[in-house]
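For reference, the chains in residue letters:
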There are 2 protein chains.
Amino acid sequence: MNATLITVGDEILIGQIVDTNSAWMGQELNLRGIKIQEIRSISDEHDDIIRAIQASFETSDLILMTGGLGPTKDDITKKAISDYYGVGMTFHTPTFERIERFFEKLGRSTTPAHREQCYMPTNATLLQNKMGSAPGMWFDEGGKVLISMPGVPYEMKSIMTDEVFPRLKERFVTKPIAHRTILTIGEGESRIAAKIEAFEEQLPDGMKLAYLPGLGMVRLRLSATGEDKVVLHELLDEKVKEIHAIIPHLIFGYETQTIEEVVGELLKQNGKTLGTAESCTGGYLAHRITSIAGSSAYFSGSIVAYANQIKESHLNVSADTLKTHGAVSKETVVEMVQGALTALGTDIAISVSGIAGPGGGTPDKPVGTIWLAVGDQQRINTYKLNLGKDRLKNIQYTANVAFNMIRKFILTENSSKTVAEISGDLTE
Amino acid sequence: MNATLITVGDEILIGQIVDTNSAWMGQELNLRGIKIQEIRSISDEHDDIIRAIQASFETSDLILMTGGLGPTKDDITKKAISDYYGVGMTFHTPTFERIERFFEKLGRSTTPAHREQCYMPTNATLLQNKMGSAPGMWFDEGGKVLISMPGVPYEMKSIMTDEVFPRLKERFVTKPIAHRTILTIGEGESRIAAKIEAFEEQLPDGMKLAYLPGLGMVRLRLSATGEDKVVLHELLDEKVKEIHAIIPHLIFGYETQTIEEVVGELLKQNGKTLGTAESCTGGYLAHRITSIAGSSAYFSGSIVAYANQIKESHLNVSADTLKTHGAVSKETVVEMVQGALTALGTDIAISVSGIAGPGGGTPDKPVGTIWLAVGDQQRINTYKLNLGKDRLKNIQYTANVAFNMIRKFILTENSSKTVAEISGDLTE
């Protein structure tokens with residue numbers, strides 16, 4: 001079962017935007033047993049679109065096309081598709097009424113371009129777009145399926161999830177494939193590979209292990225194909241247990257969990273609240289936490305103390321500490337945690353202060369020097385990172401380490417392990 | 001003069017990595033007057049590679065291929081190319097000697113795989129790779145050029161810069177092409193299209209306008225081809241001025257600027273400092289601002305007041321206001337701005353309070369109801385948004401609106417426009 005992804009639009013060809021849609025679609029389709037034969041990016045020229053459809057159907061039974069469905073003049077995907085199938089266009093009243101209602105709610109009227117958007121090839125089955133005005137389209141002719149969707153990532157993802165995946169499952173019978181993803185933090189790819197080498201060598205036929213590295217994290221994905229779905233799942237569950245037995249301290253979650261979700265769950269389970277005191281991460285920790293629906297149950301807020309003056313006034317860091325040890329120091333992040341516990345009135349607080357870069361380093365404290373502390377009224381753990389010069393990467397890496405520190409801090413409270421042991425697991 | 005980019009390797013097809021090489025190559029080739037006909041990502045299968053070369057040479061005179069030149073087993077690009085041309089492979093001694101010297105310096109010896117890497121199709125002209133062991137290759141047969149390079153981004157970029165661009169300039173005479181990108185905020189794609197319809201219809205031959213929509217923003221890209229580069233740039237500059245004359249209030253910047261960069265520049269120019277008081281955006285405004293290197297010059301910090309208690313204790317919002325009007329109200333965001341100006345000691349503050357979703361709405365204040373305020377000691381502007389149910393989209397959309405409010409707030413100070421006029425420009 002092969003699919004070709006076609007992205008329509010000059011903005012990718014001239015390198016103005018990077019094609020992230022195809023990566024997401026590739027991942028999701030692979031998980032469902034559909035192999036991506038090819039990814040093609042073409043211009044929004046009528047003949048190029050038709051040529052790409054023809055060529056792709058020579059090697060694939062399924063085409064997923066994104067882009068070129070907006071109301072403006074450079075969007076001609078629909079016309080090309082109707083010409084490819086040799087059909088006319090028909091006005092779709094329900095879609096126009098939906099767009100009208102949407103603009104009515106905003107107290108505004110539609111434009112002629114919005115009417116234009118509602119003409120569809122007559123052989124199209126419409127796919128509902130909850131996130132925008134242009135619906136997706138599904139064509140099924142001569143045993144081959146063509147799907148056309150808007151290129152806006154959240155619109156495409158919404159249509160794929162709600163409409164495309166359920167229909168594909170019904171339309172195509174694929175060989176059972178199953179996956180398990182094990183989420184690790186604290187060791188790099190090669191070190192993990194060395195630890196689970198023996199396990200990997202004994203994987204049965206039809207089972208594969210992939211390493212998917214991220215910032216300070218590595219996802220391990222086990223994939224298995226076979227005849228019987230139930231057997232596959234049992235086999236995978238067993239293998240996950242085996243990996244867990246080898247590297248229990250590196251595993252923070254499974255499947256699509258994020259580390260901030262895991263931390264949120266732990267806080268809820270333990271009835272604890274969290275606050276953050278952020279200098280170099282500049283509110284990014286708070287943003288990651290509050291990206292989770294329901295986080296107000298355990299997250300109270302943050303003091304983003306970019307200026308030293310705010311570290312003093314809101315977090316009670318002493319002027320003396322700032323002068324003697326500097327803003328980027330163990331002493332400062334410890335006082336930031338103590339100050340945040342009082343200022344935000346939370347059970348647990350985490351603090352970060354560092355030099356995110358690319359400038360601002362000194363021989364003593366080069367760019368990438370970042371101090372973190374996590375604590376409550378009883379105990380405080382600190383950690384120092386030596387990262388690179390890439391500002392955004394440093395911020396994101398630091399956030400992952402910070403969330404793991406909170407996770408370990410809460411877990412230690414519930415076990416007999418000492419703090420030192422726990423801190424030792426964190427690596428750069 | 002058309003080119004096709006071909007990326008070889010399963011890691012892109014299964015979505016494990018995003019193809020950023022093609023975006024870079026697209027940009028650089030476009031600047032040199034070479035139009036990208038298509039970008040294709042294919043698997044590292046012998047027959048797929050040959051088929052892609054054959055098909056691409058039907059529409060392009062130039063193929064740039066990356067990936068599949070490493071020493072491991074799944075790398076078979078070289079073999080496929082030699083079979084495409086029907087030539088044999090020959091051992092390239094200078095390359096092997098270079099690899100040997102490289103490993104000698106590291107105190108290590110070469111492996112048989114390194115010898116393998118030095119066999120090249122007999123008709124290849126080698127392109128020096130200063131950054132790695134696998135050289136690039138240049139083939140020129142039947143009036144068409146095929147270039148093959150390693151997929152490692154810095155190796156590819158080094159070979160392109162040192163070897164490919166100079167050769168292409170010599171080999172192909174290209175027609176100049178130039179672009180301008182105009183960044184707008186405050187109106188949707190169709191409304192902008194309606195406003196500049198007459199302008200668009202009068203574009204000269206060889207000039208195209210594309211609409212690239214984002215969250216509350218639309219980028220307008222003008223592209224022009226012609227005979228004379230200087231004339232092209234003059235023509236584009238003139239057209240940019242014409243667009244500016246039609247929709248001056250919607251344009252916040254040009255080319256690759258972000259709205260937070262524009263706000264940062266305005267703050268610096270006016271010698272003003274900024275602070276944020278965030279409820280539903282949860283630190284995201286602060287994160288966007290502090291993602292810019294050097295933002296500490298104008299950004300002091302943020303109070304992320306997720307809990308009402310923190311709105312009271314750190315932002316001095318009165319308990320009475322919260323009780324009477326609720327946390328999501330004009331009155332609350334106004335008091336948040338006033339509180340933030342004092343608490344953070346900045347010249348300007350912005351505040352946000354809303355229901356980001358997906359849950360938490362009431363009939364009175366449905367999910368997506370978001371209040372914003374921006375102000376200084378003299379005046380405060382407020383704005384209300386009615387957005388959808390997608391939490392992350394709401395947060396990102398709100399941030400874009402917030403940055404535009406700050407921008408307009410600063411610009412008003414310097415003009416005779418009234419606040420009411422300015423606020424009226426902001427739309428969803």
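In what follows, the structure referred to is the one given above.
Our subject in this report is the structure included herewith. What you see is a predicted model; the values in this text were computed from it and never measured.

### What to know about the overall build of chain A
And then number 1: Helices and strands together make up the secondary structure of chain A, namely 17 helices and 17 strands.
And then number 2: Taken over the C-alpha atoms alone, chain A extends approximately 80 × 60 × 40 Å along its principal axes.
And then number 3: A total of 428 residues make up chain A; the buried ones form 56% of that total.
And then number 4: By sequence separation, contacts in chain A at least 24 residues apart represent 66% of the contacts at least 6 residues apart.
And then number 5: About 17800 Å² of surface is accessible on chain A, with carbon and sulfur atoms providing 49% of the total.

### Focus: helix α4 (residues 77-85) of chain B
Each α-helix turn comprises 3.6 residues. Residues three or four places apart therefore point the same way.
And then number 1: Considered for burial, the residues of α4(B) that qualify are B:Thr77, B:Lys78, B:Ala80, B:Ile81, B:Ser82 and B:Tyr85.
And then number 2: After α4(B) finishes, the residue B:Gly86 shows a positive phi value of roughly 65 degrees.

### Observations concerning the environment of A:Lys35
And then number 1: One can find A:Lys35 in strand β2 (residues 35-42).
And then number 2: Setting aside anything within four residues of it in sequence, one finds A:Lys35 in contact with A:Met1, A:Asn2 and A:Ala3.

### Here's the deal with the interface of chain A and chain B
And then number 1: Residue-level contacts link 77 residues of chain A with 78 residues of chain B.
And then number 2: In total, chain A and chain B occlude about 5900 Å² of area from one another, counting both sides; carbon and sulfur atoms represent 53% of this.
And then number 3: For chain A, the biggest contributors to the area lost against chain B are A:Ile14, A:Arg108 and A:Tyr306; these three give 10% of the whole.
And then number 4: The interface formed by chain A and chain B holds five salt bridges in total.
And then number 5: Two residues, B:Glu38 and A:Arg40, come together in a salt bridge whose shortest N-O distance is 2.4 Å.
And then number 6: At the boundary of chain A with chain B, the tally comes to 35 residue pairs in polar contact (both at pLDDT 80 or more).
And then number 7: Along the lines of polarity and charge, the residues of the side of chain A that touches chain B split into 33 nonpolar, 29 polar and 15 charged.
And then number 8: Sheet topology note: the β2(A)/strand β2 (residues 35-42) of chain B ladder contains five bridges and is antiparallel. Across the sheet, the residue bridging to A:Glu38 is B:Ile42, located in β2(B).

### Considerations on the environment of B:Glu331
Residues and elements named next belong to chain B.
And then number 1: Here Glu 331 lies in helix α15 (residues 330-344).
And then number 2: Residues Glu 331 and Ala 373, 42 residues apart in the sequence, show an inter-C-alpha distance of 9.6 Å.
And then number 3: The residues contacting Glu 331, other than those within four sequence positions of it, are Thr 321 and His 325.

How each quantity is defined
- Residues numbered from 1 in each chain as written.
- Chains lettered and ligands numbered in written order.
- Predicted model: local features only at pLDDT ≥ 70, side-chain atom pairs only at ≥ 80, totals over all residues.
- Heavy atoms only, no water.
- Helix = DSSP H or I, 4+ residues; strand = E, 2+ residues; numbered from the N terminus.
- Buried < 20%, exposed > 50% of the residue type's maximum accessible area, 1.4 Å probe, protein only.
- Contact = heavy atoms within 4.5 Å.
- Areas by Shrake-Rupley, 256 points an atom, 1.4 Å probe, with all protein chains shown as cover.
- Buried area = accessible area lost by both parts, 1.4 Å probe.
- Salt bridge = Lys/Arg side-chain N within 4 Å of Asp/Glu carboxyl O.
- Polar contact = N/O pair within 3.5 Å; in protein donor to acceptor, adjacent residues only side chain to side chain.
- Nonpolar A, V, L, I, M, F, W, Y, C, P; charged D, E, K, R; others polar.
- Pairing = 2+ DSSP bridges.

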